[in-house]
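Here are the chains, one letter per residue:
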Amino acid sequence: MRKKIVAGNWKMNKNLQEGIQLAVALNEVLSKENNSCRVIIGTPFIHLASVSERIDKKKLGLAAQNCADHVSGAYTGEVSAEMVKSTGAEYVILGHSERRTYYGETPEMLKTKVRLALDQQLQPIFCIGEVLSEREAGKQFEVVRSQIEASLFDLSEADFSKIILAYEPVWAIGTGKTATAAQAQEMHAFIRGLIAGKYGKKAADDCSILYGGSCKASNAAELFANPDVDGGLIGGASLTVEDFMGIVRAR
Ligand code: PEP
């Protein structure tokens, strides 16, 4: 059966020392608790190797927030999936709306990144979601369907089973505006139906689908109570132990 997951996305926050401090503090709290979900932190690249050495990966998983769409070579400033893997990270967040919007990541590029990540045994946390104008036009299902089909549905069933999905309505990211529990459930059920149509019911039942977008301790329990919401991808509220653990404990 699918895993329940709470994953933090630190984005471009915390210098190296601050990041190590937060990771170590989280690891310490988690080592004293029996939580019902897998907890993951997505740090900037520069933190990965140092954090990896200091945490117990059975208690706290480690993710990068991106990887390159090339294997290696003359791509100044890029970080390959192999490099990410060599730090000890096990996951990589791909297709975040900030990367799609600010860095022009296309479905085709993301398809390549997913392939390269899987080739390195990194588990993608793949983000999808509509912008406000698309929701207002009633196009959210069409948008999410095309994001999934374009970047993921060429995968074999075995490869697809390694994908963690994160539905993140873009209008809810960092805005304080959370999707209602009903809106989240409706979209998650739709996504699970798409997976069932392509890969069958077992693949759909086994796929963890996280919700992301202004999720915090005060609204997490209501969101996570939905049958198709398997946890959260958390931005702002992943930056302190107290806020993040409030969400982990709600799962
Ligand atoms: C995110 O960046 O994936 C996110 C969900 O951010 P926030 O929780 O801050 O809305």
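For the structure, check the block above.
Reference entry: report on the structure contained in this document. (Residues numbered from 1 in each chain as written. Predicted model: local features only at pLDDT ≥ 70, side-chain atom pairs only at ≥ 80, totals over all residues. Heavy atoms only, no water.)

### Let's talk about the environment of Ser50
Right, on to step 1. Relative to the helices and strands, Ser50 is located in helix H2 (residues 48-54).
Right, on to step 2. The class for Ser50 is buried, based on a relative accessible area of 17%.
Right, on to step 3. A C-alpha to C-alpha distance of 8.2 Å links Ser50 and Thr87, two positions 37 residues apart in sequence.
Right, on to step 4. Beyond its immediate sequence surroundings of up to four residues, Ser50 is in contact with Leu16 and Ile20. (Helix = DSSP H or I, 4+ residues; strand = E, 2+ residues; numbered from the N terminus. Buried < 20%, exposed > 50% of the residue type's maximum accessible area, 1.4 Å probe, protein only. Contact = heavy atoms within 4.5 Å.)

### Focus: the packing of helix H11 (residues 217-224) against helix H12 (residues 241-250)
Right, on to step 1. Look at H11 against H12: their axes get within 8 Å of each other, and the N-to-C directions meet at 20°. In terms of orientation, H11 lies roughly parallel with respect to H12. Remark: the crossing between H11 and H12 carries right-handed chirality. Contacts between H11 and H12 involve Ala217, Ala220, Ala221 and Phe224 from the former and Asp243, Gly246, Ile247 and Ala250 from the latter.
Right, on to step 2. Counted by class, the contact of H11 with H12 contains six nonpolar, one polar and one charged residues. (Axes fitted to C-alpha atoms, helices over the stretch in contact; angles between N-to-C directions. Parallel < 35°, antiparallel > 145°, perpendicular 65-115°, else oblique. Left-handed = near helix turned anticlockwise from the far one by under 90°. Nonpolar A, V, L, I, M, F, W, Y, C, P; charged D, E, K, R; others polar.)

### Brief notes about the layout of surface pockets
Right, on to step 1. Approximately 420 Å³ is the volume found for the largest pocket.
Right, on to step 2. Residue contributions to the lining of the largest pocket peak at three residues, all from helix H4 (residues 97-102).
Right, on to step 3. Considered class by class, the residues forming the lining of the largest pocket number seven nonpolar, five polar and three charged. (1 Å grid on protein atoms, 1.4 Å probe; cavity = no way out; pocket = protein on both sides within 12 Å on 5 of 7 lines; lining within 4 Å. Points joined across faces, edges and corners; volume = space filled by probe spheres on them.)

### Describing the site of the ligand
Right, on to step 1. Taken together, 14 residues surround the ligand, and among them Lys11, His96, Glu168, Gly174 and Ser214 come closest.
Right, on to step 2. Contact distances for the ligand include 2.7 Å between an oxygen atom and a side-chain N or O atom of Lys11.
Right, on to step 3. Ser214 is positioned with one of its backbone polar atoms (N or O) 2.8 Å from an oxygen atom of the ligand.
Right, on to step 4. About the coverage of the ligand: the protein hides 95% of its 290 Å² of free accessible area.
Right, on to step 5. Cavity membership is defined here by more than half of the atoms lying within 2 Å of grid points; on that basis the ligand lies in the second largest pocket.
Right, on to step 6. Residues that form the shell around the ligand fall into these classes: four nonpolar, eight polar and two charged. (Near = heavy atom within 4 Å. Polar contact = N/O pair within 3.5 Å; in protein donor to acceptor, adjacent residues only side chain to side chain. Areas by Shrake-Rupley, 256 points an atom, 1.4 Å probe, with all protein chains shown as cover. Sits in = over half its atoms within 2 Å of the grid points.)

### Observations concerning the pattern of salt bridges
Right, on to step 1. All told, the structure shown has 18 salt bridges when counted by the stated rule.
Right, on to step 2. The salt bridge partner of Glu98 is Lys11, with a shortest N-O separation of 2.8 Å. Taken together, the positions of Glu98 in helix H4 and Lys11 in the loop between strand E1 (5-9) and helix H1 (16-31) put the pair 87 residues apart, joining distant regions of the chain.
Right, on to step 3. The class of Glu98 is partly exposed, set by a relative accessible area of 22%.
Right, on to step 4. Through salt bridges with shared partners, one network takes in Arg2, Lys4, Arg192, Asp228 and Asp230. (Salt bridge = Lys/Arg side-chain N within 4 Å of Asp/Glu carboxyl O.)

### Description of the side chain of Gln147
Right, on to step 1. For Gln147, the position within the fold is in helix H7 (residues 140-152).
Right, on to step 2. Each residue touching Gln147, except ones within four places of it in the same chain, is listed here: Arg100, Phe126, Ile128 and Gly129.

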